[in-house]
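Below are the chains, spelled out letter by letter.
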Amino acid sequence: MAISDKVRAAFFAAALLAVAAPPAAAAPRFDSLVSAALDGDREALRAAAKLIAARGPQPFKGAAQLRPLLRREALNGSSASATAYAILLQHGIGGEANPGEAPQWYARGAQAGNVKSVKGAAVAYALGWGVRRDTDRALRLLAGLPREERAREMLKIARALLSPGREEPEAARQWLGRVAALGTPATVAAAGLHAGLAAPGDPEEGETLRRWLQPLIARGDTDASIVLARHLLAQPDTHDRLEAIDLLLKAAGTGDRRGIEALSKLSGGGQNEVAGDGAILQFLEEKALAGSNPARVSLGEIYAFRAGAEEGAQQKAQRFLTLAARDGDAVAQYRLGMLLLTGARTEGDTELARAYLSLAAAQGNAPAALAAARFGGMSRAEADTVIGRAAVTDAETEGRK
C-alpha cells in the first residue's frame, strides 16, 4: 500500500470510531457462525456479518476466506454484509487494506438503511475519502439518524478534519457549527474545539460560544459552563472575566472539581493578573458576603498567596476561609487547617487546625485525611468543641474593637 493510502486509512479509521462498538456476542458463537458460513450456510454468513458490524475492526480466524463471501452476499442485497465487507477492506482484516474501495460498500449498505453503513458512508462523503467530497450527500445520510447520534457523527467528522497532516480548520468550523445547531450535549465538545481554533483575543469567538452554550447552561449543564468560563477567563476584558468567575462559582457550588480548581488558580501563577483586577476582587467579595463558599475559598487563597507581601492579607485569608469552613465547606476546612498550621503561633492555633482538618477528612477530603493522620485527628465532637470555643473568642475580640 502506498504511503498516501496508509495515511488515508489512518484518517478514515479515526473518523469511523463509531463503527468499533463493543462485541455484541461471545467469541464462541461468532466463531461457530464463521465456521458455518465457510461451509456454505448463508444464514450464518449474514448473522456473522451483523456481528462483524457490531464488533468493529477486530481480526478473526477465517477472515481471508470470509471476505469474498461477504462481498458476494452484499451484491445479493445484504446490507449487513456490505457493512462488514467495508470494515474488512477499510482495516485490512483478512487481506490488504483498501480504504479507497471501502466507502462504496458503506454506501451500498446505507442505501438499505444499515445505520453503521450510513455513518461510514457519511464520513466518506464528508471527507472525500475514496469518493469525491459531497457535503450535501453526507448531510442527507446523517439526516436519518436521531439528533444526538447525528451530532456525535458530525463531531467525529470535524475532529477528522483537524487530524495531524490534514488540518482543514475552515471545513471543521462548519461541521462544528452544524453540531451546535442541533443543541445536544455534543455542543460542549464542539465549542471546546471551536475555541481552540480561534485567534487569541478574538471578540467574536466569545459571542459564538455564548450563543452555543448558554441554552445548555440554562438547563444546568456544568460542562458547558466550564468550557465557556475557561475561554472567557483568558480574555483581557474584565466583563468577560467576571462572567467567567460567576460561571465557575456556580459550577464549584455544585461540587464540580473543575470549577473549584479553576477558582483556586486565581490566587497566583498564570492567572495572577486576574486576581489583581480590583473589579474581580470586589465581585468575589460581594459573592462571599452573600454566602458563596466557593467565593470565600477563592478569596482565601488569593489573600493567602499575597501573605507576606501585602499587609493584612493573612488575616483576610483566614477570615474568608473561616466563614466557609464554619459553614461546612470541606475544601475551606482543609485550606484553613493548613493555613493555621503554617502560621501557628500558639498551641491553640495548632489545635484549631487539627479540628478543621479532622472535619474535612470526615467529609472525604483525601489531603485533609493525610494531614490529620500526621498531626493528630479528632472526633467530630472534639472538633466541634474546639471550633465553637474559637468562634466565641473571635466574637469577643470583634466586640472589643
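Cut-off values and rules
Residues numbered from 1 in each chain as written. Predicted model: local features only at pLDDT ≥ 70, side-chain atom pairs only at ≥ 80, totals over all residues. Heavy atoms only, no water. Helix = DSSP H or I, 4+ residues; strand = E, 2+ residues; numbered from the N terminus. Polar contact = N/O pair within 3.5 Å; in protein donor to acceptor, adjacent residues only side chain to side chain. Contact = heavy atoms within 4.5 Å. Phe/Tyr/Trp six-rings, centres within 6.5 Å; stacked < 30°, edge-to-face > 60°. Buried < 20%, exposed > 50% of the residue type's maximum accessible area, 1.4 Å probe, protein only. Core = buried A, V, L, I, M, F, W, Y, C linked by side-chain atoms within 4.5 Å. pLDDT = per-residue confidence, 0-100. Axes fitted to C-alpha atoms, helices over the stretch in contact; angles between N-to-C directions. Parallel < 35°, antiparallel > 145°, perpendicular 65-115°, else oblique. Left-handed = near helix turned anticlockwise from the far one by under 90°. Salt bridge = Lys/Arg side-chain N within 4 Å of Asp/Glu carboxyl O. Arc of directions from axis to C-beta.

A. Broad picture of the side chain of serine 298. Assignment of secondary structure puts serine 298 in helix H18 (residues 293–306). Here leucine 263 takes part through its backbone oxygen, which lies 3.5 Å from a polar atom of the side chain of serine 298. Look past the residues within four positions of serine 298 in its chain and what remains in contact with it is Leu263, Leu266 and Leu284.

B. Layout of the packing of aromatic side chains. Within this structure, the stated rule accounts for three aromatic pairs. Seen from their ring centres, phenylalanine 30 and phenylalanine 60 are 5.1 Å apart, and the 85° between their planes marks the pair as edge-to-face. Remark: phenylalanine 60 occurs in the loop between helix H3 (42–55) and helix H4 (63–75) and phenylalanine 30 occurs in helix H2 (residues 27–38); sequence separation between them is 30 residues. Residue classification places phenylalanine 30 among the buried positions, given a relative accessible area of 1%.

C. Highlighting the nonpolar core. With 122 residues, the main nonpolar core has Phe60, Leu66, Leu70, Trp175, Leu213 and Ile245 as its most contacted residues. Beyond its immediate stretch of four places on either side in the chain, leucine 213 contacts Thr187, Val188, Ala191, Ala224, Val227 and Leu228.

D. Region of interest: the confidence of the model for the chain. Summarising the model, the chain shows a mean pLDDT of 85, and 90% of its residues fall at 70 or more. The element-level mean pLDDT for the chain is lowest in helix H1 (residues 3–15), coming to 44, with helix H10 (residues 169–181) highest at 96. Across residues 1–26 the pLDDT falls below 50, and counting only partners more than four positions away or on other chains, this stretch makes 62 contacts in the model.

E. Layout of the packing of helix H17 (residues 278–289) against H18. Orientation of H17 relative to H18, taken along the N-to-C sense of each, is 135°, at an axis distance of 8 Å. Classified by the angle between their axes, H17 and H18 sit oblique to one another. Note on packing geometry: the crossing formed by H17 with H18 is left-handed. From H17, Leu281, Leu284, Glu285, Lys287 and Ala288 reach across to H18, where they touch Ala295, Arg296, Ser298, Leu299, Ile302, Tyr303 and Arg306.

F. Broad picture of the pattern of salt bridges. This structure, assessed with the given rule, holds 20 salt bridges. A salt bridge links lysine 156 to glutamate 153; the nearest nitrogen and oxygen atoms lie 3.4 Å apart. Separated by three residues within a single helix, lysine 156 and glutamate 153 lie in helix H9 (residues 147–161), roughly one turn from each other. A salt bridge links lysine 250 to aspartate 246, with the shortest nitrogen-to-oxygen separation between them at 3.4 Å. Of the two residues, lysine 250 and aspartate 246 are both situated in helix H14 (residues 238–253); the distance of four residues between them amounts to about one turn of the helix. Judged by its relative accessible area of 19%, aspartate 246 is buried. Each member of the salt-bridge network shares a partner with another, and the members are Lys119, Glu149, Glu153 and Lys156.

G. Quick peek at helix H15 (residues 257–264). Residues of H15 that are buried: Gly259, Ile260, Ala262, Leu263 and Ser264. Summarising the contacts, the buried residues of H15 are in contact with helix H13 (222–233), H14, H18 and helix H20 (330–342).

H. Here's a closer look at helix H8 (residues 135–142). Within the span of H8, buried status applies to Ala138, Leu141 and Leu142. The buried residues of H8 all sit within an arc of 95° when viewed along its axis, so they share a single face. Facing away from the buried side of H8 by more than 90 degrees, the exposed set consists of Asp136 and Arg140. Here the buried face of H8 lies against helix H6 (102–111), helix H7 (115–127), H9 and H10.

I. Just the side chain of histidine 194, in detail. Looking at the secondary structure, you find histidine 194 in helix H11 (residues 186–197). Beyond its immediate chain neighbours, meaning those up to four positions away, histidine 194 contacts Arg173, Leu176, Glu205, Thr208 and Trp212.

J. Local environment of the environment of threonine 83. Here threonine 83 lies in helix H5 (residues 79–91). Among all residues touching threonine 83, those that are not within four sequence positions of it are Ala53, Tyr106, Asn114, Lys116 and Ser117. Among the polar contacts made by the side chain of threonine 83, one reaches the side chain of serine 117 at a distance of 2.2 Å.

K. The arrangement of the environment of asparagine 98 in detail. Looking at where asparagine 98 falls in the secondary structure, it is placed in the loop between H5 and H6. Residues asparagine 98 and isoleucine 87, 11 residues apart in the sequence, show an inter-C-alpha distance of 9.9 Å. In terms of polar contacts, asparagine 98 uses its side chain to reach the side chain of glutamate 101, at 3.1 Å.

L. How the structure looks around the environment of valine 34. Relative to the helices and strands, valine 34 resides in helix H2. Residue classification places valine 34 among the buried positions, given a relative accessible area of 3%. Sequence separation between valine 34 and phenylalanine 60 is 26 residues; the distance between their C-alpha atoms is 9.3 Å. Residues in contact with valine 34, not counting those within four places in the same chain, are Ala48, Phe60, Lys61 and Leu66.

M. Layout of the packing of H5 against H6. For the pair H5 and H6, the least separation of the axes is 8 Å and the interaxial angle reads 160°. In terms of orientation, H5 lies roughly antiparallel with respect to H6. Of the two elements, H5 crosses H6, and the hand of that crossing is left-handed. Contacts from Ser79, Ala82, Thr83, Tyr85, Ala86, Ile87, Leu89 and Gln90 in H5 reach Ala102, Trp105, Tyr106, Arg108 and Gly109 in H6.

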